[in-house]
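Single-letter residue listing:
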Amino acid sequence: MRTLLRHLTAAGQNDEENSLGVNTTYEDLYHSFVFLTVVWAAGQIASSKYLKMPPLVGEIIAGILLGPPVANFVPDPEAWLLLGQIGLILLVVEAGIDIDIATLKRTGLRGLLIACLGSILPIGIGIILAMIIHGTEDMKQVIAIGATFGSSSLGIALNTLKVSGILNTPVGQLIVSAAVLDDMIALIVLSFLESLTEELKVSSILIPILSAVGFLLIGGYVALFVIPVINKKWIMPKFEPESHGKVKLIMMFCVLLIMMPATFYGGSSYLMGAFLSGLAFCQSIELQDMFTSQFKRVLSWLMRIFFAASIGFQVPMRDFGKATVIWHGIVYTFALLGKLAVGWLVPNFTNHRNYRGTHLRDILITGFTMASEGEFAFVIAVFSVDVGLTTQDTYASVVLAVLISAIVPPLGLRWVLATEWGDGDDNIDDEEKGCSRSYSKGISTLSDEDQSSVQAPVATKQDCDSSAQASESDNTPDDFDSQIPHTVSGDKEI
């Protein structure tokens, strides 16, 4: 055993003399384990009963302190960034798998509206704030500053929604669709910034827009209506039922390996390709179970690395000692008010009164989740300083604002979830409440066509009052359950 250890140590210390193989040193290996341990412990401390913060706050702080910004303790930071991005891709794939088609039908257009306004409003507010601070002499820098605040962090949004148990609710599906579209808009913004460094061309602006819309429409149609039919009729019958989960998992990764380069080289986001790959198999319960069993633990660790490395490593802590950087960053944070405002566009998914009770809770959940910025905001900020659109101090101020947005909104979301919001039906008597809830519970389980037939104009309070006895005997839910299309062969009904 000692001989083996001596050989391993010698191999790590004399890697310059080796002409074959890839080696690492003991110090790098040990530092990596220290980094992983601290990241995990920081997340646990942040989420403890004393601090009551999201784990990602502690993970980001650990990345800042041990990464290049401060101690530069972590070996090969590019490798950790790569692992974090792999985690983000798997998280987006899982978001596609978890999409509920019936809910997506009801929230798709509203998600598009929230994504568009959720990008336009903070960019506009950011530009106005930048003009107040820097004036109008260098409009390229002003535009670059505002453009940083247009995107939402899909990684933070998905992780927060999943941990909070909101991902598969109507408001969760609405946020996912809006966040995915938000990344498409961020790519368009990045392409526009690239055009500011050279002669402005119409193609440099139109190509990202057309690519994103094309992949979203055509790719979405193929994922929902073509691939499931091919699987069911021609592929799955050739395999034993007990192996369907593994076969579909292999197929999904094959689709992922095709869609990622297709969307990237097509001028869109590779995250769109990852999302569409998961969406193509969202109707398969077998694949959901297989994906969860194979990747749940791995994905949790990869997301810790994502927050520590992909976000924590990007923070220029040494520049935060300047007073101008700090107060400029705090001012830029107000651009996120545009993100918070789009929460008021969330429809009322309950029978409670608008803008009260649980509807107000959904509004705040959407606003806080969309206000969290991350990966694309850092990409745009780094690009702007690299090509000379912004100065180093401006970059530090913008990154400070993005860092605040990655920490404070999740805290706000945690407060929303911990608060009792009531039902917003203060002026409705108990009998009407009970009938209303039973009625809405049954309706929420039906398809869109069934809902349209049930939600006739006469199906209002009069019907509730006339069926009060049936409600008391709990027959209403059973009646609705009898109309629900049940799962067949491990596939969910559309």
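Read on for a plain summary of the structure. Nothing here was measured: the structure is a model prediction, and the numbers come from that model. (Residues numbered from 1 in each chain as written. Predicted model: local features only at pLDDT ≥ 70, side-chain atom pairs only at ≥ 80, totals over all residues. Heavy atoms only, no water.)

### Observations concerning the overall build of the protein chain
As a reminder of what qualifies: Where helices and strands are cited, they refer to DSSP runs of H or I of at least four residues and of E of at least two residues respectively, numbered from the N terminus. Throughout, exposure labels follow a simple rule: accessible area from a 1.4 Å probe, protein chains only, divided by the maximum for the residue type, with under 20% read as buried, over 50% as exposed, and the rest as partly exposed. The contact definition used throughout considers only heavy atoms, calling two residues in contact when any of these lie within 4.5 Å. Only the protein chains shown count as cover for residues, and all accessible areas are computed by the Shrake-Rupley method using a 1.4 Å probe.
Along its length, the protein chain carries 22 helices and 0 strands. A total of 494 residues make up the protein chain; the buried ones form 47% of that total. Sequence-distant contacts, at least 24 apart, represent 80% of the contacts inside the protein chain between residues at least 6 apart. With an accessible surface of roughly 24500 Å², the protein chain has 63% of that area assigned to carbon and sulfur atoms.

### With respect to the pattern of salt bridges
Basically, it comes down to this: Throughout this description, the term salt bridge denotes a Lys or Arg side-chain nitrogen within 4 Å of a carboxyl oxygen of Asp or Glu.
Going through the model one piece at a time under the given rule, you end up with 5 salt bridges. A salt bridge links R304 to E59; the shortest N-O distance between them is 3.9 Å. Highlighted residues: R304 in helix α12 (residues 285-311) and E59 in helix α3 (residues 55-66), separated in sequence by 245 residues. Look at E59 and you get buried, because its relative accessible area is 6%.

### Focus: the side chain of S405
Note the following rule: A 3.5 Å cut-off defines polar contacts: any pair of N or O atoms within that distance qualifies, except that in protein one atom must be a possible hydrogen donor and the other a possible acceptor, and neighbouring residues in sequence count only when both atoms are side-chain atoms.
In this fold, S405 is placed in helix α17 (residues 392-418). Polar contacts involving the side chain of S405 include one to the main-chain amide nitrogen of E373, which spans 3.3 Å. Once residues within four sequence positions are removed from consideration, S405 is found in contact with L336, A371, S372, E373 and P410.

### Quick notes on unusual backbone geometry
Although it is not a glycine, D76 adopts a positive phi angle of roughly 50°. For D76, the location among the structural elements is in the loop between α3 and α4 (77-97). A positive phi angle, near 65°, is found at Y355, a position not held by glycine. With respect to the helices, strands and loops of the structure, Y355 is situated in the loop between α14 (337-341) and α15 (357-370).

### Concerning the environment of M131
On the secondary structure map, M131 appears in helix α5 (residues 101-134). A relative accessible area of 32% means that M131 is categorised as partly exposed.

### Side note on helix α13 (residues 323-332)
Convention followed: In this description, the arc belongs to the directions extending from the helix axis to the C-beta atoms.
Residues of α13 that are buried: V325, H328, G329 and Y332. Along the long axis of α13, the arc covered by the buried residues comes to 100°, so they all point the same way.

### Digging into the environment of Q392
Examined against the element boundaries, Q392 turns out to sit in helix α17. Looking at Q392, the relative accessible area reads 42%, which means it is partly exposed. Taking C-alpha positions, Q392 is 9.8 Å from V382, a pair spaced 10 residues apart along the chain. Each residue touching Q392, except ones within four places of it in the same chain, is listed here: D319 and V385.

### What to know about the packing of helix α2 (residues 26-46) against α12
Applicable threshold: A fitted line through C-alpha atoms represents every axis, and for helices the fit uses only the stretch in contact; the resulting angles, taken between N-to-C directions, go from 0 to 180 degrees. Here the angle decides the label: under 35 degrees means roughly parallel, over 145 means roughly antiparallel, 65 to 115 means roughly perpendicular, and every other value means oblique. All residues other than Ala, Val, Leu, Ile, Met, Phe, Trp, Tyr, Cys, Pro, Asp, Glu, Lys and Arg, Gly among them, are scored as polar; the first ten of these are nonpolar and the last four charged.
One way to put it is that α2 packs onto α12 with a least axis distance of 10 Å and a crossing angle of 90°. Here α12 runs roughly perpendicular to α2, going by the angle between their axes. Note on element contacts: α12 touches α2 through W301, R304, I305 and A308, opposite F35, L36, V39, W40 and Q44. Across the contact of α2 with α12, the residue classes break down as 7 nonpolar, 1 polar and 1 charged.

### Structural notes on the packing of aromatic side chains
Aromatic ring pairs are described here by two measures, namely the spacing of the ring centres and the angle between the planes. Test applied: Each pair of aromatic rings taken from Phe, Tyr and Trp, with Trp reduced to its six-membered ring, is defined by centres within 6.5 Å and is described as stacked if the planes are under 30 degrees apart, edge-to-face if over 60, and tilted in the remaining cases.
Applying the stated rule across the entire model yields 11 aromatic pairs. Between the aromatic rings of F35 and W80, the centroid separation amounts to 5.0 Å while the plane-to-plane angle is 70°, which identifies the pairing as edge-to-face. Placement of the pair is F35 in helix α2 and W80 in helix α4, with a sequence separation of 45 residues. Each member of the pair, F35 together with W80, is buried. Arranged with centres 5.3 Å apart and planes meeting at 40°, the rings of Y221 and F225 form a pair that is tilted. Taken as a pair, Y221 and F225 lie in helix α9 (residues 202-235) at a separation of 4 residues, close to a single helical turn. The exposed category is assigned to Y221, whose relative accessible area is 51%.

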